[in-house]
Amino acid sequence: MTATAPNPTATGRGHLTAFSAALASMTLVGAATPVLALLGDYPAFAGQAIRFALGGLILTALIPLTADRSRREPVEPGDWVKLAAIGLTGVALFNVFLLQALEHSDPSAVGTVIGGVPVALAVVSPLLAGRRPSPRILAAAGVVTAGIAVTEGLGGGTWAGLAWGAAALTVEVASHLIAAAVVPKLGAVRVAAMVSLAAVPMLAGAAFVEDGANAFPAPTGAEWLALAYLGVLGTAVAFTLWFTSLPVIGVERAGLCAGAAPVAAVAASWLLGTEPPHPAGALGAVLVAAGLAIGMWRRRRGPETIRMDA
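As a starting point, this report considers the structure included with it. Everything quoted here is computed from the prediction, not taken from an experiment.

**Details of the overall build of the protein chain**
Alright, step 1. Helices and strands together make up the secondary structure of the protein chain, namely twelve helices and two strands.
Alright, step 2. Along its sequence from the N terminus, the protein chain presents helices and strands in the succession α-α-α-α-α-α-α-α-α-α-α-α-β-β.
Alright, step 3. Counting across all 310 residues of the protein chain, residues that qualify as buried make up 49%.
Alright, step 4. In the protein chain, once contacts between residues fewer than 6 apart in sequence are set aside, the share between residues at least 24 apart is 87%.
Alright, step 5. Of the accessible surface of the protein chain, which amounts to about 14,000 Å², a share of 69% is contributed by carbon and sulfur atoms.

Here's what the structure looks like:
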């Protein structure tokens, strides 16, 4: 497994665009949290399988329309292994571990544990690339993670719940690192499509193990609306934006944007009226924004040369 450094040839505007793409991706993912309430009691794994099938099919249809030269690159056996690994870790196992964690701990406690993704990526990614972790990125990741913890609230949990949450964090980090190694070759849309479709049989299998013959009941109208949002915006658009950002700003800087997900979840809950406004949410958003600002800051070296520190 290898990790990529930020693209040194990208312009300042290119870095800002990539950062914005990563932020938008995590915002869409976070905003899906209150939408999940529309699924009600619909089987969780079946819903995720439908979601990723829908997103993967949309992305597959879009591949011929992309101008990216990488769409013509052949997919070699090693690439298929990496794509399957991303689907297994970042989608299938992540959902399994997350649901197990939620059975033993409060959502806030689980969210706080998984909120350690920015710090983990800030440490592991450069080490795998043969670089020392950047003190500035580590500081930014720490501030973002603190913002996530404040937004989520520490909640209550058991050791089993925290262990499952740590497992979810581990596979999530692994999926980002593997993606950073394969996206530059195959392109964001192709990777997003293949990863989504690779996860479908894994999630469908989990659905049948969990619920047997009743794994895939017919969704109601409200459930179809939720699945459509998750498939189109929460998967097809969010995955494409995320994978587009990785080769440009590097996985450790993109990881900082994970802080936008819980903030977007809280904001969406406020807007939909499912949760009342709370000062902790606002404070968490301020901390996440501060961490992102630290991570985005770049030092000028001369009138025209701008360097992004690794």
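**Quick look at the environment of Ala139**
Alright, step 1. With respect to the helices, strands and loops of the structure, Ala139 is situated in helix 6 (residues 135–152).
Alright, step 2. Spatially, the C-alpha atom of Ala139 lies 8.7 Å from that of Val119, the residues being 20 residues apart in sequence.

**Looking at helix 4 (residues 107–114)**
Alright, step 1. Burial within helix 4 is extensive, with six of its eight residues counted as buried.
Alright, step 2. Of the surrounding secondary structure, the elements contacted by the buried residues of helix 4 are helix 3 (77–104), helix 5 (117–128), helix 6 and helix 7 (159–186).

**A short note on the packing of aromatic side chains**
Alright, step 1. Overall, the coordinates contain four aromatic pairs when judged by the stated rule.
Alright, step 2. Taking the centre distance of 5.8 Å and the plane angle of 50 degrees together, the rings of Phe52 and Phe239 count as tilted. Of this pair, Phe52 sits in helix 2 (residues 44–62) while Phe239 is found in helix 9 (residues 221–249), placing the two residues 187 residues apart along the sequence.
Alright, step 3. For Phe52, a relative accessible area of 3% gives the class buried.
Alright, step 4. Between the aromatic rings of Phe208 and Phe216, the centroid separation amounts to 5.5 Å while the plane-to-plane angle is 50 degrees, which identifies the pairing as tilted.
Alright, step 5. A relative accessible area of 34% places Phe216 in the partly exposed class.
Alright, step 6. Among the aromatic residues, those joined into a ring-pair cluster are Phe52, Phe239 and Phe243.

What counts and how
- The residue numbering used here restarts from 1 in each chain and proceeds along that chain's sequence as written.
- Per-residue local features of the predicted model are confined to residues with pLDDT of at least 70, and side-chain atom pairs are confined, for both listing and counting, to 80 or more; whole-chain, interface and lining totals are unaffected and use all residues.
- With hydrogens and water excluded, all non-hydrogen atoms of the structure serve as input to the side-chain values.
- Numbered from the N terminus, helices here are DSSP runs of H or I no shorter than four residues, and strands are runs of E no shorter than two.
- Burial status follows relative accessibility: with a 1.4 Å probe on protein chains alone, a residue under 20% of its type maximum counts as buried, one over 50% as exposed, and anything between as partly exposed.
- In this analysis, two residues are considered to be in contact whenever any of their non-hydrogen atoms come within 4.5 Å of each other.
- Computed by Shrake-Rupley with a 1.4 Å probe, the accessible areas treat only the displayed protein chains as cover when residues are assessed.
- Geometry of aromatic contacts follows a simple scheme: Phe, Tyr and Trp rings, the Trp one being its six-membered ring, pair when their centres are within 6.5 Å, and the pair is stacked under 30 degrees between planes, edge-to-face over 60, tilted otherwise.

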